[in-house]
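A closer look at the structure
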Amino acid sequence: MTNRNLCFLLILLGLHLTCVFSWKKDEFRNCNQTPFCKRARARKPGSCSLVAHGVSISDGELTAKLISKIQENQEDESQIKPLILTLSVYQDGIMRLKIDEDPSLDPPKKRFEVPDVIVPEFPSKKIWLPRLSTETIGGDAGPSSFVYLSDGYVAVIRHDPFEVYVRDKAGKRVVSLNSHGLFDFEQLRQKKEGDDWEERFKGHTDTRPYGPQSISFDVTFYEADFVYGIPEHATSLALKPTRGPGVEESEPYRLFNLDVFEYIHDSPFGIYGSIPFMISHGNSRGTSGFFWLNAAEMQIDVLDYGWDAESGISLPSSQSRIDTFWMSEAGIVDAFFFVGPEPKDVIRQYTSVTGTPAMPQLFSIAYHQCRWNYRDEEDVENVDSKFDEHDIPYDVLWLDIEHTDGKKYFTWDRVLFPHPEEMQRKIAAKGRRMVTIVDPHIKRDESFPLHREATQKGYYVKDATGNDYDGWCWPGSSSYLDMLNPEIRSWWAEKFSLQNYVGSTPSLYIWNDMNEPSVFNGPEVTMPRDSLHYGGVEHRELHNTYGYYFHMATADGLVKRGNGKDRPFVLSRAVFAGTQRYGAVWTGDNSADWDHLRASIPMVLTLGLTGISFSGADVGGFFGNTEPDLLVRWYQVGAYYPFFRGHAHHDTKRREPWLFGERNTELIRDAIHVRYSLLPYFYTLFREANTSGVPVMRPLWMEFPFEEATFSNDEAFMVGNSLLVQGIYTEQAKHASIYLPGKESWYDLITGAAYKGGMTHKMEVSEESIPAFQRAGTIVPRKDRFRRSSTQMANDPYTLVIALNSSQAAEGEIYIDDGKSYEFQKGAYIHRQFVFSNGKLTSSNLASVPSSDTQYPLDAVVERIILLGHASDPKSALIESIKPEC
Ligand SMILES: *[C@@H]1O[C@H](CO)[C@@H](O)[C@H](O)[C@H]1NC(C)=O
Ligand SMILES: *[C@@H]1O[C@H](CO)[C@@H](O)[C@H](O)[C@H]1NC(C)=O
């Protein structure tokens, strides 16, 4: 949840006004009000004067110095010192480019290099570069140096003017940097008299003691029809151009984690998360990617037709392409180029750098019920039993900030929640869990032990003058832990032990909200950029990772609480590259309107493309009252979000599923049942994401990379490779146009009716469900008995839905483990493939471990097989083996 200063003040004054204001653009900076962005955007193509000197191989990496040509001629040393460039190559088609100041030239400060995001295994995948070849290619003034990447891909550095790119076997470019000469690196320097480095915005002053230090450059994606990624924005899946000839100039895509009150649904504006990873996709070449590991504020322009018309620079090839322009306030260049060429290759390459998603507990992929707030124990008990009364399964009940004593996390309001342990045990007895909120702002209250301890130990982030930073948030005056420091993270993690978190039980899990961090009275509702962290790092340098570290430390706390036995569940609002290793995220404070329902699809798809598979939007919309029609449609789509939670603001009317009349209760129950019956399929997909990075919910083009009709489709999506779902985003819709890709048929999930692929169907839609189809040639595992919660389904039998293709064949998989521990990493799981062909269904072991007694023991059987698309009605079935031998 969030607030606005004004509302906050009014409440302080005792005026009970409802905050009904919408997004206030003026509270946030635009590019023109952000000096580094304004300067960068004003630069002209070709203005970079850097040349690569002394290109050579050392320690298995390519190294060079970037020297200014102007300086070379004029011998003016005052301006630009040489920069150090290193280029390294990793297995599986990954190139890494680093550019930083030369430490031997004594820069005033070491620039911040983001730690803890690249997985520890990654460096071992480095390929030792043996040698370099250098030659001059046609039309260039100077030579280029080449190193081999993989599969015929070559990394190239052109010396003059300096440019870096990857090209494929055929010599065609894939991704390049500085092809348009926009590279700029503001080096740190000593302040001279008369230098005014301060920046002011809305009554806040940023002292900027180190002065300008921004970096910007152009990146070009070749043979690309569209670019995607760089969440988090509430915008389309295929990124719209922000400038360039023929484009109405808009703000660049901003990556700056912010608590934006009532964000609007079609905007490049920065919200809670930042993942500086972009993917391009096109029909002729396929997919490639570019990731800039940098945690400072970033702004990114997308140009539709390129810079040419403006600059007259023409690239050495006539390939079609998309130009982009990246600007960051601080940090270094640490950039990764991914060659693809298939969509799933790029995701695999990216997640080999930042990690694949954690394997969640099974309960956490079922349905969650949340509200700001479930008032007291009686309310909790009542909501819980109403689910049973109405025969609606759910797994988790959530408590928002009001459950605490004065917004001091890890405490309980003892009047409203006098018996928290007993309450959790009652819920747990039905196989359900609870979640409480734990935010990063710590109430500055001398009677609060956590605050006293953090103060004594010096664990808070410091303001620019070196005192504990003090900002306003829910509890009033608050301070923020310096999560960059590993010692503080580990201290924080201890706070989740059952002993330390009084009133908690092993069935309690955690929600991290407001971790951008949100500071109601701070500049742009966050922490001042000149605040100081561990090791003298300025907040501006690490801002976008603050919430990431908080999420990491909290997840670690839950692992420690269970002595490393149980997988954690922590939901976070702030997001950075690598968040997928720590838990789930949601798209923040959306609104109860059709546009937000519609926008949730590209938002969740984009997070998935950038590694974060476990995400969802608040079902029903957080702000505002939801009309029953919208609520039902939202449940029907939400049942397919990887993270499925209903949530609402405290000013809204209650909206538990049974409050809108019998018919709507029935429709919502049906939607939630769809999710529960597909849990075996979803869990299998979560395991696929865990091993390969490929997201649970995918854009159509990930499965159909050569079908142009799918490239900008963000109304429909795939769940795994087998299901296609199309949301209904308008009131009272009677029809929908649905494009079904591929050459094979699709089977309606409810009726089993077959539809031809490769065309758009105009279909009637009913209120009962949204259009969803199973692809011919696939097998989907389900569990069709409805229980109170996923836990109670553990031993239920399976149904296999076999959708035959034109060769009367199909295949699918199932992954099963205990749903909660890490035993699967020791081989305690079942992973089987089902193949149907020649009228026969067979199953074989896919587990990488040899079958043994460590195999997860399971009694469940397949009780039913549904065959779709069989040419003739089967006359008989012969069962050869009931229990598959391993
Ligand atoms: C899968 O998830 C587990 C548990 O979260 C994690 O430790 C592991 O690194 C993930 N990736 C793979 C490939 O198992
Ligand atoms: C039908 O499905 C089987 C199993 O997935 C696959 O091997 C085969 O290529 C498919 N046939 C066609 C025509 O797509």
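Thresholds, definitions, all that
Residues numbered from 1 in each chain as written. Chains lettered and ligands numbered in written order. Predicted model: local features only at pLDDT ≥ 70, side-chain atom pairs only at ≥ 80, totals over all residues. Heavy atoms only, no water. UniProt positions renumbered as here; feature names shortened; annotations may be inferred. Near = heavy atom within 4 Å. Polar contact = N/O pair within 3.5 Å; in protein donor to acceptor, adjacent residues only side chain to side chain. Areas by Shrake-Rupley, 256 points an atom, 1.4 Å probe, with all protein chains shown as cover. Nonpolar A, V, L, I, M, F, W, Y, C, P; charged D, E, K, R; others polar. Pairing = 2+ DSSP bridges. Helix = DSSP H or I, 4+ residues; strand = E, 2+ residues; numbered from the N terminus. Axes fitted to C-alpha atoms, helices over the stretch in contact; angles between N-to-C directions. Parallel < 35°, antiparallel > 145°, perpendicular 65-115°, else oblique. Left-handed = near helix turned anticlockwise from the far one by under 90°. Contact = heavy atoms within 4.5 Å.

By the naming in an unreviewed UniProt entry, the protein chain is Probable glucan 1,3-alpha-glucosidase, taken from Quillaja saponaria. Turning to the protein chain, the UniProt record has this under Subcellular location (unreviewed entry): "Endoplasmic reticulum". The record in UniProt for the protein chain states the following under Sequence similarities (unreviewed entry): "Belongs to the glycosyl hydrolase 31 family."

**Focus: the site of ligand 2**
Taken together, Glu744, Gly777, Asn805, Ser806, Ser807, Ala809, Ala810 and Glu811 form the complete shell of residues around ligand 2. In this structure, an oxygen atom belonging to ligand 2 sits 3.5 Å away from a main-chain N or O atom of Gly777. In the model, a nitrogen atom of ligand 2 is placed 2.8 Å from a nitrogen or oxygen of the Ser807 side chain. Protein coverage of the free-state accessible area of ligand 2, which is 360 Å², stands at 53%. Grouping the amino acids of the shell around ligand 2 by side-chain chemistry returns two nonpolar, four polar and two charged.

**Focus: the sheet that holds strand β36 (residues 618-619)**
Strand order in the open sheet formed by nine strands is β35-β34-β32-β29-β25-β24-β23-β37-β36, with parallel pairing between adjacent strands. Of all the strands in the sheet, just β35 (615-616) and β36 have a single pairing partner and so form its edges. Direction of pairing for strand β23 (residues 367-369) relative to strand β37 (residues 644-646): parallel, over a ladder of three bridges. From the neighbouring strand, Tyr367 faces β37, where its bridge partner is Phe644.

**Remarks on the site of ligand 1**
Ligand 1 sits among Thr356, Pro357, Ala358, Met359, Arg687, Asn690, Tyr822, Phe824 and Gln825. Backbone polar atom of Met359 to an oxygen atom of ligand 1: 3.1 Å apart, as the coordinates give it. Between ligand 1 and the protein, one listed contact pairs an oxygen atom with a side-chain N or O atom of Gln825 at 2.9 Å. Within the complex, the protein chains bury 62% of what would otherwise be the 350 Å² of accessible surface of ligand 1. A class-by-class count of the residues in the shell around ligand 1 yields five nonpolar, three polar and one charged.

**Re the packing of helix α9 (residues 486-494) against helix α11 (residues 546-561)**
Angle between the axes and distance between the axes are the two parameters that describe a pair of packed helices. Where α9 meets α11, the axes come as close as 8 Å, and the angle between the chain directions of the two elements is 45°. Relative to α11, α9 is oriented oblique. α11 is crossed by α9, and the crossing has right-handed handedness. Touching Arg489, Ser490, Trp492, Ala493 and Glu494 of α9 are Tyr549, Phe550, Met552, Ala553, Thr554, Asp556, Gly557 and Lys560, all from α11. For the contact of α9 with α11, a count of residues per class yields six nonpolar, three polar and four charged.

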